[in-house]
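What follows is each chain in one-letter form.
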Amino acid sequence: MSNNAEIINVTIKVWRQDGPTSEGRFETHQQAISTHASFLEMLDLLNESLNDQGHEPIAFESDCREGICGTCGVMINGRAHGPQKATATCQLHMREFSDGDEIVIEPFRASGFPVIRDLAVDRSPLDRIIESGGYITVNTGAASDANLTPVPKEASDQAFDAAACIGCGACVAACPNSAGQLFTAAKIGHLNLLPQGQAERWKRTENMVETMEEFFGSCTNHGECSEACPKEISLDFIAFMNRDYLKAKVKNRALTGQK
Amino acid sequence: MNPLINAKIPAGDIAEKWENHKFSMNLVNPSNKRKFEIIVVGTGLAGASAAATLGELGYRVKAFTFHDSPRRAHSIAAQGGINAAKNYTNDGDSVHRLFYDTVKGGDYRSREANVHRLAEVSVNIIDQATAQGVPFARDYGGLLDNRSFGGAQVSRTFYARGQTGQQLLIGAYSALMRQVAAGTVELHSRAELLDVVTKDGQACGIVTRDLVSGEVTPHSAHAVVLATGGYGNVYFLSTNAMMCNVTAAWRAHRKGALFANPCYTQIHPTCIPASDDFQSKLTLMSESLRNDGRIWVPETKADNRGAGDIPENERDYYLERKYPAFGNLVPRDVASRNAKTVVDAGHGVGPLANGVYLDFSGAIARDGLDAISAKYGNLFDMYQRITGENPYQTPMRIYPATHYTMGGLWVDYNLMTNVKGLYAIGEANFSDHGANRLGASALMQGLADGYFVLPYTIGDGLAGQLGSDPVPTTDPVFTQAIAGVNDTNRRWLATNGTKSVDHYHRELGRLVWDNIGMARNKAGLQQAVTDIPALKEEYHKNVRVLGSADTLNQSLEKAGRVADFFELAELMARDALQREESCGGHFRDEHQTPEGEAQRDDENFAHVAAWEWTGEGNTPTRHQEELTFDNVALSQRSYK
Ligand SMILES: Cc1cc2nc3c(=O)[nH]c(=O)nc-3n(C[C@H](O)[C@H](O)[C@H](O)COP(=O)(O)OP(=O)(O)OC[C@H]3O[C@@H](n4cnc5c(N)ncnc54)[C@H](O)[C@@H]3O)c2cc1C
Ligand code: FES
């Protein structure tokens, strides 16, 4: 049982970049840390000592520190969210590392996610994808009783598996092409699988896929995205999205009378 | 009646007040709505639902959040569920019962009229969320499933696995983004409110700082809505997200908005204890664990044997012993206080002796490992990930932590603060939970405020302003506010002290936890009233904030937030000191029954304490809003 905390010494090689257009560089620091600490608490401590020594702390983002808000996310030794499966950066603990390890920390690297500073990146394109159709049109007050439309439990559960996406962008960062397929597919899958989402299904799919393509690279079926996903969103949703996109192309034209 | 705090509760029967009020309010006709600009700060459940709905109605809305995306607001982290008086389970629930339970649960310190309205609109929330595609749990017939939560005697809680908050927020966020696409809502993310601007006693806008470029910008509007969440992080360690803070509410307070009941804070009994000094936040373990886990501590003080080596007859199942009827299922405040008592008495467990055991061995022996894992598997995994211990083999260690703040900006029945045109919704206001919030009722309140209450009441306030433009941002009230923000930022960067912002935040948190935590007493509170300003003074002289104001600078952001926490903490101490009774989350050692339960003083304290800012260094003024209970009889809670 690992009840007893151990202190380990790690070498941190961390990316520093002053602003979006500045050149970046790696900085190396030593940090002694308890194996009970979380990875981000290790960075907190490092920042505290940098501040004490008169060096600006490393900018990195986090909020809930429970793996649900999707704010955190860095590359740890080349992997989005680090070595532990189904784990966001904030849930990773130092007991996953050993004394003497070198840990390389970089921002999520993707053309769609420009660096803001150090480890913080701009993931706003994900919001643009939602804006283009990731909703069900229902004005407040217009809804009928919730139990009027039963939803088969299986459909509901499957929609939920997609809806579990926390929008962290690790899928994009893990992909060699910086593709946004897994995120978009999760969002489309969530709504398209529910009876409530049917009216806008085809328009939604076409709009969201095409907005995604404006910002992100194309998918060549590497599967790295699902591997890196802290919520283990399945690649099946990408297949589902692709099928719906093809259908949408046909149906949307039919809807506008173009056959 | 004190003119500052006229609650404007409509006359009539409790069940008809809201209906009548909706009818008697002024309306803004559809074509006039676009002539009004409304600022909504915060895009959690309360803010996102409000901004989306106001946009749908045709108002011109500007929504602000300091997060990079609205979906990241702290609401996302809620696990357990959301209450609604749907009575789908046919087990005797009703609007009246939800109303009654909420008033009682709040230990008779909330406004009856507000609570009744909340219970009334609760049913619409579920309809709205379901229509948006929120995947609530369903049964095999495809209908919505409910569970009982937090000791409620009916099953009225709707849930979405352990992610109710995330699913509801995605619903509200998607409605918001639909309005962004439609052009009715202008979204400003990574924009932090740093001042509320008023002119002639009326709110006319805000000043924000772009967290990436550092640019400070004025925004004007006909009305300003604060949906900026709670202040639990005043304790430094809490279950709140790292960035939750009181700054928006506090700056409004400094501009004249009253702050109500700041001492009402909720400490949740089942969190993972801190493991070391570097601990950055605490993690909540769902309350549902108390349905099957048994809570105990070793009878011997400082017993450092492993849990398994302590024989049955040397264990103290203190909740079962003291409360035979409710046992491990006593309400949150009772469970929390009792944990503190045993730990303070030296019975704490774990490496830092700062926890109590929550033991599943009996349940596993009774129901089998599979049954327990099916119920709690994800929670057990989460526990193991954080502590490195396997709760199937060794009991969990838990300890109470700050979770929710019932206090907040004072608002009237229309959710308007005493400052005209300034509204507060969600956890940021003080309204519906009295001295203690029931489980699964915060999500309900945030969405009730945002979807179904504010969109009506704000029209009433706006109707009179038809034809007037917002105050131009070139007005001196704005230029002065901007100069103030820039000055403050310059001052932080020039202080050049020796210790980090976090260092002082942690110190402050310790003071607040020790003196204004689970149990409070006169001496401790008086100490806090002197110690907090002293530490604050040191903070302002000796904090070290590096970098510049025109880039992303997280220390600079935190510096201002922690400064506001200092001022709030002092007010919490004063509020707790003056409330010479125990009620809900506010427990004064001096006021307890012979059995050690909270002893209210209804004669002298059945009121809201609403505090007025009287300037830097001055003692704030306490106003009272009397509470009347015409529909629920006041009684002493008992769980024996
Ligand atoms: C771990 C946990 C579990 C919980 N579980 C439940 C549950 O099961 N059921 C339940 O009912 N309740 C639960 N709660 C409580 C509930 O989640 C919150 O009370 C509720 O979500 C608050 O919503 P809100 O919209 O008022 O504020 P928040 O969600 O906190 O949103 C605040 C918003 O304001 C913005 N903001 C704040 N200050 C500024 C500023 N100065 N400038 C710009 N933007 C600003 C933020 O960016 C954010 O968008 C839980 C709480 C915690 C901590
Ligand atoms: S900080 Fe919220 S998911 Fe990591």
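Residues numbered from 1 in each chain as written. Chains lettered and ligands numbered in written order. Predicted model: local features only at pLDDT ≥ 70, side-chain atom pairs only at ≥ 80, totals over all residues. Heavy atoms only, no water.

Caption draft 1: Expanded view of the packing of helix H14 (residues 501-515) of chain B against helix H15 (residues 522-542) of chain B. All names here are of chain B. Here H14 crosses H15 at 175°, and the two axes come no closer than 10 Å. It follows from the interaxial angle that H14 and H15 lie roughly antiparallel. Where H14 abuts H15, its residues Val501, Tyr504, Glu507, Leu508, Leu511 and Asn515 lie against Gly524, Leu525, Ala528, Asp531, Ile532, Leu535, Glu538, Tyr539 and Asn542. Grouping the amino acids of the contact of H14 with H15 by side-chain chemistry returns nine nonpolar, three polar and three charged. (Axes fitted to C-alpha atoms, helices over the stretch in contact; angles between N-to-C directions. Helix = DSSP H or I, 4+ residues; strand = E, 2+ residues; numbered from the N terminus. Parallel < 35°, antiparallel > 145°, perpendicular 65-115°, else oblique. Contact = heavy atoms within 4.5 Å. Nonpolar A, V, L, I, M, F, W, Y, C, P; charged D, E, K, R; others polar.)

Caption draft 2: Summary view of the sheet that holds strand S2 (residues 24-34) of chain A. All names here are of chain A. The mixed open sheet is built from five strands, whose spatial order is S2-S1-S5-S3-S4. Strands with a single pairing partner mark the edges of an open sheet, and in this sheet they are S2 and strand S4 (79-80). On top of the sheet, helix H1 (residues 39-52) reaches strand S1 (7-17), S2, strand S3 (75-76) and strand S5 (102-106); it is set at about 105° to S2, its chief contact. (Pairing = 2+ DSSP bridges.)

Caption draft 3: Representation of the domain arrangement of chain A within the structure. Residue and element names in this part refer to chain A. Taken domain by domain, chain A holds domain 1 (7-116) and domain 2 (123-255). Centre-to-centre separation of domain 1 and domain 2, based on C-alpha positions: 30 Å. Of the residues lining the interface, 20 residues belong to domain 1; the matching set on domain 2 comes to 20 residues. Between domain 1 and domain 2, a total of about 1,500 Å² is buried, with carbon and sulfur atoms accounting for 57% of that surface. (Domains from an automatic or database assignment. Buried area = accessible area lost by both parts, 1.4 Å probe.)

Caption draft 4: Representation of helix H12 (residues 442-463) of chain B. Residues and elements named next belong to chain B. Between the first and last C-alpha of H12 there are 30 Å, a value that for 22 residues agrees with the 32 Å anticipated at 1.5 Å per step. The largest bend in H12 amounts to roughly 55° and is located at Val453, with the proline Pro455 lying one to four residues further along. Counting buried residues along H12, 17 of its 22 residues qualify, which places the element largely inside the surrounding structure. (Expected span 1.5 Å × (residues − 1). Bend = angle between axes of the 7 residues up to and from the residue. Buried < 20%, exposed > 50% of the residue type's maximum accessible area, 1.4 Å probe, protein only.)

Caption draft 5: Representation of the pairing of strand S8 (residues 216-220) of chain B in the model. For S8 of chain B, the tally of buried residues reaches four of five residues, placing the bulk of the element in the interior. The antiparallel hairpin formed by strand S7 (residues 202-210) of chain B and S8 of chain B contains five residues in its connecting segment, where Gly214 of chain B sits at a positive phi of about 80°.

Caption draft 6: The environment of Cys171 of chain A, seen in detail. All names here are of chain A. Here Cys171 is to be found in helix H4 (residues 170-174). Owing to a relative accessible area of 9%, Cys171 belongs among the buried residues under this scheme. Taking the C-alpha atoms as reference points, Cys171 and Cys90, 81 residues apart in sequence, are found 16 Å from one another. Setting aside residues no more than four positions away along its own chain, Cys171 makes contact with Ala179, Leu182, Phe183 and Cys225.

Caption draft 7: Broad picture of the interface of chain A and chain B. Taken together, the 79 residues of chain A in the interface contact 80 residues of chain B. Considering only the surface of chain A that becomes buried against chain B, Asp63, Thr140 and Phe160 of chain A emerge as the three largest contributors, covering 11% of it. Applying the counting criterion to the chain A and chain B interface returns six salt bridges. The shortest N-O distance in the salt bridge between Arg161 of chain B and Asp161 of chain A comes to 3.0 Å. Our count for the contact surface shared by chain A and chain B stands at 44 residue pairs in polar contact (both at pLDDT 80 or more). Looking at the side of chain A that touches chain B, the elements with two or more residues in it are H1, strand S6 (115-117), strand S7 (120-121), helix H2 (125-131), helix H3 (153-163) and helix H5 (181-192) of chain A. When the residues that make up the side of chain A that touches chain B are grouped by side-chain class, the tally is 31 nonpolar, 27 polar and 21 charged. (Salt bridge = Lys/Arg side-chain N within 4 Å of Asp/Glu carboxyl O. Polar contact = N/O pair within 3.5 Å; in protein donor to acceptor, adjacent residues only side chain to side chain.)

Caption draft 8: Just the side chain of Ser226 of chain A, in detail. Residue position: Ser226 of chain A is located in helix H7 (residues 224-228). When residues no more than four places from it in sequence are discounted, the contact partners of Ser226 of chain A are Leu182, Glu232, Ile233, Ser234 and Leu235 of chain A.

Caption draft 9: A look at the packing of aromatic side chains. Residues and elements named next belong to chain B. Applying the stated criterion across every chain, the model contains 23 aromatic pairs over all chains. Judged by centre distance (6.2 Å) and plane angle (70°), the ring pair of Trp18 and Tyr413 falls under edge-to-face. With Trp18 in helix H1 (residues 17-24) and Tyr413 in the loop between strand S16 (408-409) and strand S17 (422-424), this residue pair connects regions lying 395 residues apart in the sequence. Residue classification places Trp18 among the buried residues on the basis of a relative accessible area of 2%. Arranged with centres 4.7 Å apart and planes meeting at 45°, the rings of Trp296 and Tyr357 form a pair that is tilted. Of this pair, Trp296 sits in strand S12 (residues 294-298) while Tyr357 sits in strand S14 (residues 356-359), placing them 61 residues apart in sequence. (Phe/Tyr/Trp six-rings, centres within 6.5 Å; stacked < 30°, edge-to-face > 60°.)

Caption draft 10: Quick peek at the environment of Ser286 of chain B. Residues and elements named next belong to chain B. By the element assignment, Ser286 lies in the loop between strand S11 (265-271) and S12. In this structure Ser286 comes out as buried when scored by relative accessible area, which is 12%. In this structure Ser286 touches Gln79, Thr270 and Leu379, once residues within four positions along its chain are discounted. A distance of 2.9 Å separates the side chain of Ser286 from the side chain of Ser288, its partner in a polar contact.

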